[in-house]
Amino acid sequence: EAGVAQSPRYKIIEKRQSVAFWCNPISGHATLYWYQQILGQGPKLLIQFQNNGVVDDSQLPKDRFSAERLKGVDSTLKIQPAKLEDSAVYLCASSPAGPDTQYFGPGTRLTVL
Amino acid sequence: SQQGEEDPQALSIQEGENATMNCSYKTSINNLQWYRQNSGRGLVHLILIRSNEREKHSGRLRVTLDTSKKSSSLLITASRAADTASYFCATQGSNYKLTFGKGTLLTVNP
């Protein structure tokens, strides 16, 4: 079974630029999550989708971050404009409908200069 | 906000020794999960223990949960160099949201 795919793996941009990350979850998984992991900390949930609907985006900085999952499969996370403090690893995870185990992708390491 | 707090922040042991990591949390939970993260990689799910369970085993892993003290422990027996990684506890409530702690960095020296 293929795991969660993410691209790109690394991205370096300057502040005020825009960036987008892509995630393809495990086939058949209804729930998709985006996390931000700052160096030395645990992952923090940014947004959770159930199929193509948003379940929780309470910690998403909506003035600069946006995410979509148009067909209920893959998803994109965008930052516009980026700030220095957005430097982090962005992790995508998926799970079957309901709670329990989440399966994580390898992450995208973003560096904002 | 972080729900779980792992202790210690860092742990260094010799191969073959046991490693114990602790996690404390603040609110009621449906389950508590432990994940491993190797440097520069994604998280790997290790084990899940539900709120009505007290102990669970998986291979060399043993997890305990004390809901009265809002704490959990992860024991890795007979550690190997390949166990070197960061270990995170994560609590899951009724809304399926996972809330992670800051992690314990385990180093197993050959």
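Quick look at the structure, then. (Residues numbered from 1 in each chain as written. Chains lettered and ligands numbered in written order. Predicted model: local features only at pLDDT ≥ 70, side-chain atom pairs only at ≥ 80, totals over all residues. Heavy atoms only, no water.)

**Quick notes on the overall build of chain A**
- A tally of regular secondary structure across chain A gives 0 helices and 11 strands.
- Moving toward the C terminus, one meets the helices and strands of chain A in the order β-β-β-β-β-β-β-β-β-β-β.
- Over its C-alpha atoms chain A spans a radius of gyration of 13 Å, differing by no more than 12% from the 13 Å that the globule rule assigns to 113 residues.
- Referenced to the eigenvectors of the C-alpha coordinate spread, the extents of chain A come out at roughly 40 × 25 × 25 Å.
- Expressed as a percentage of contacts within chain A between residues at least 6 apart in sequence, the contacts between residues at least 24 apart total 53%.
- When the accessible area of chain A is evaluated, it comes to approximately 5,400 Å², of which 51% is carbon and sulfur surface. (Helix = DSSP H or I, 4+ residues; strand = E, 2+ residues; numbered from the N terminus. Rg over C-alpha atoms; globule rule 2.2 N^0.38 Å. Contact = heavy atoms within 4.5 Å. Areas by Shrake-Rupley, 256 points an atom, 1.4 Å probe, with all protein chains shown as cover.)

**Looking at the overall build of chain B**
- Summing up its helical and strand segments, chain B has 0 helices and 11 strands in all.
- Counting from the amino terminus, helix and strand elements in chain B follow one another as β-β-β-β-β-β-β-β-β-β-β.
- For 110 residues, the compact-globule estimate of 2.2 N^0.38 gives 13 Å, and chain B sits close to it at 13 Å.
- With the C-alpha coordinates aligned to their principal axes, the bounding extent of chain B is approximately 40 × 25 × 20 Å.

**Examining the pairing of strand 3 (residues 19–24) of chain B**
Residue and element names in this part refer to chain B.
- Side chains A19, M21 and C23 of strand 3 all project onto a buried face; the interleaved residues T20, N22 and S24 project onto a face where none is buried.
- In terms of strand pairing, strand 3 meets strand 8 (residues 71–76) through 6 bridges, oriented antiparallel. From the neighbouring strand, N22 faces strand 8, where its bridge partner is S73. (Buried < 20%, exposed > 50% of the residue type's maximum accessible area, 1.4 Å probe, protein only. Pairing = 2+ DSSP bridges.)

**Overview of the pattern of salt bridges**
- In total, this model carries 6 salt bridges over all chains according to the counting rule given.
- Where D56 of chain A meets K97 of chain B, a salt bridge forms, and the shortest distance between an N and an O atom there is 3.9 Å. With one member in each of two chains, D56 of chain A in strand 6 (residues 53–56) and K97 of chain B in the loop between strand 9 (85–92) and strand 10 (98–100) form a pair that bridges those chains. Neither D56 of chain A nor K97 of chain B differs from the other in exposure class; each is buried. (Salt bridge = Lys/Arg side-chain N within 4 Å of Asp/Glu carboxyl O.)

**Concerning the pairing of strand 7 (residues 65–68) of chain A**
- Here 4 bridges tie strand 7 of chain A to strand 8 (residues 75–79) of chain A, and the two strands are oriented antiparallel to one another. Of the residues in strand 8 of chain A, the one forming a bridge with E68 of chain A is T76 of chain A.

**Considerations on the interface of chain A and chain B**
- Between chain A and chain B, the contact holds 23 residues from the first and 22 residues from the second.
- Each partner contributes to the roughly 1,700 Å² buried at the junction of chain A and chain B, and carbon and sulfur atoms together form 48% of this total.
- It is P43, D100 and F104 of chain A that lose the most area in chain A upon contact with chain B, and together they represent 26% of the buried surface on that side.
- In this assembly, chain A and chain B are joined by 1 salt bridge.
- Taken together, the links from chain A to chain B amount to 3 residue pairs in polar contact (both at pLDDT 80 or more).
- Of the residues forming the side of chain A that touches chain B, the biggest block, 3 residues, is contributed by strand 4 (residues 31–37) of chain A.
- Classifying every residue of the side of chain A that touches chain B by side-chain character gives 8 nonpolar, 11 polar and 4 charged. (Buried area = accessible area lost by both parts, 1.4 Å probe. Polar contact = N/O pair within 3.5 Å; in protein donor to acceptor, adjacent residues only side chain to side chain. Nonpolar A, V, L, I, M, F, W, Y, C, P; charged D, E, K, R; others polar.)

**Structural notes on the sheet that holds strand 7 of chain A**
Residue and element names in this part refer to chain A.
- What the 4 strands build is an open sheet, ordered 1-3-8-7; its pairing is antiparallel. Strands with a single pairing partner mark the edges of an open sheet, and in this sheet they are strand 1 (5–7) and strand 7. Each strand axis lies, on average, 15° off the axis of its neighbour in the sheet, ignoring direction.
- Inspection of the sheet shows strand 3 (residues 19–24) paired to strand 8 by 5 bridges, in the antiparallel sense. Looking across to strand 8, one finds that F21 is bridged to L77. (Axes fitted to C-alpha atoms, helices over the stretch in contact; angles between N-to-C directions.)

**Some details on the state of the cysteines**
Residues and elements named next belong to chain A.
- Enumeration according to the criterion identifies 2 disulfides over all chains in this entry.
- Disulfide pairing places C23 opposite C92 at an S-S distance of 1.9 Å. Of note, the bridge from C23 to C92 carries an S-S torsion of about -70° and is left-handed in sense. Of this pair, C23 sits in strand 3 while C92 sits in strand 9 (residues 88–95), and the two are 69 residues apart along the sequence. Like C92, C23 is buried. (Disulfide = S-S within 2.5 Å.)

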